[in-house]
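Residue-level structure breakdown
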Amino acid sequence: MTLRCPVCRADNAAPATCRRCRADLSLLWSLEGRRHQLLAGCRAAVGAGRADEILRHAQEAHALRHDEDSRMYLTLGHLLERNFLDALRTLCTASNSQAPQAAPRVPRTEGPHDLSSPPAREW
Ligand SMILES: [Zn+2]
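As the structure is a prediction and not an experimental result, all values here were calculated from the model.

**Considerations on the overall build of the protein**
Across its full length, the protein holds 4 helices and 2 strands. Of the regular secondary structure in the protein, the N- to C-terminal order runs β-β-α-α-α-α. Residue burial in the protein is summarised as follows: out of 123 residues, 16% are buried. Sequence separation of at least 24 residues holds for 16% of the intrachain contacts in the protein that already meet a minimum separation of 6.

**Observations concerning the nonpolar core**
Among the nonpolar cores identified, the biggest contains 10 residues, and these are Leu38, Leu39, Cys42, Ala45, Ile54, Leu55, Ala58, Ala61, Tyr73 and Leu74. Of all the secondary-structure elements, those providing two or more residues to this core are helix H1 (26-48), helix H2 (51-64) and helix H3 (68-80). Filtering out sequence-adjacent residues up to four positions away, isoleucine 54 remains in contact with Cys42, Ala45, Val46, Tyr73, Leu76, Gly77 and Leu80.

**Points about H3**
Given a rise of 1.5 Å per residue, 13 residues ought to cover 18 Å, and the 18 Å separating the end C-alpha atoms of H3 matches this to within 8%. Buried within H3 are the following residues: Ser70, Tyr73, Leu74, Gly77 and His78. Projection of H3 onto a plane perpendicular to its axis shows the buried side chains occupying an angular sector of 135°, all on one side.

**Structural notes on the environment of aspartate 24**
As for its position among the elements, aspartate 24 is in the loop between strand E2 (11-12) and H1. For aspartate 24, a count of 12 C-beta atoms within 10 Å translates into the label exposed. A sequence separation of 19 residues divides aspartate 24 from cysteine 5, and the C-alpha atoms of the two residues are 9.3 Å apart. Residues in contact with aspartate 24, not counting those within four places in the same chain, are Ala16 and Thr17.

**Details of the environment of glutamine 37**
Looking at where glutamine 37 falls in the secondary structure, it is placed in helix H1. Glutamine 37 sits 24 residues away from alanine 61 along the chain, and the two C-alpha atoms are 8.8 Å apart.

**Comments concerning the packing of H1 against H2**
Two quantities define a packed helix pair, namely the angle between the axes and the distance from one axis to the other. Running from N to C, H1 and H2 cross one another at 155°; their axes reach a closest spacing of 8 Å. When the axes of H1 and H2 are compared, the pair comes out roughly antiparallel. Both H1 and H2 take part in a crossing whose hand is left-handed. The residues of H2 that touch H1, namely those facing Leu31, Arg34, Arg35, Leu38, Leu39, Gly41, Cys42, Ala45 and Val46, are Glu53, Ile54, His57, Ala58, Glu60, Ala61 and Leu64. Here the contact of H1 with H2 is built from residues that sort into 10 nonpolar, 2 polar and 4 charged.

**What about the confidence of the model for the protein?**
Per-residue pLDDT for the protein has a mean of 84; in total, 76% of the residues score no lower than 70. Looking across the protein, the model is least confident in helix H4 (residues 84-95), with a mean pLDDT of 89, and most confident in H2, with 97. Low confidence marks residues 97-104, where pLDDT is under 50. Its contacts with residues over four positions away, or in another chain, come to 12 contacts.

**Regarding H2**
For H2, which comprises 14 residues, the first-to-last C-alpha distance of 20 Å matches the rise-based estimate of 20 Å (1.5 Å per residue) to within 8%. Taken residue by residue, H2 has Ile54, Leu55, His57, Ala58, Ala61 and His62 as its buried positions. Contacts from the buried residues of H2 go to H1 and H3.

Criteria and cut-off values
- Residues numbered from 1 in each chain as written.
- Predicted model: local features only at pLDDT ≥ 70, side-chain atom pairs only at ≥ 80, totals over all residues.
- Helix = DSSP H or I, 4+ residues; strand = E, 2+ residues; numbered from the N terminus.
- Buried ≥ 20, exposed ≤ 12 C-beta atoms within 10 Å, placed from the backbone.
- Contact = placed C-beta atoms within 7 Å.
- Core = buried A, V, L, I, M, F, W, Y, C linked by C-beta atoms within 7 Å.
- Expected span 1.5 Å × (residues − 1).
- Arc of directions from axis to C-beta.
- Axes fitted to C-alpha atoms, helices over the stretch in contact; angles between N-to-C directions.
- Parallel < 35°, antiparallel > 145°, perpendicular 65-115°, else oblique.
- Left-handed = near helix turned anticlockwise from the far one by under 90°.
- Nonpolar A, V, L, I, M, F, W, Y, C, P; charged D, E, K, R; others polar.
- pLDDT = per-residue confidence, 0-100.

Written out as structure tokens, the structure is:
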């Protein structure tokens, strides 16, 4: 685990002070350690199939710092709870901050029995 110093941007591999500017990074190391534990909790909950636990740990880890790991566990937790809209929102915020505000619109077809082509989707 490495930590980027917010003062000088140096990457640090060991606590508690920055190797370059000697800034005290002990609080950041503490938060990062807590986040590391939460993500380990997510991994254990995935193995046990506990969606509520995955979400609880992932939300706390995501609140500390966003990254692909916390976003992945949030998405997985939502999917396991069959909350597909929140899973999609989590994925959309990762790519371009265009989370859907409501269910996607599907254009109407000519009639209820028109199965010649699948309806086009607009996102
Ligand atoms: Zn520094």
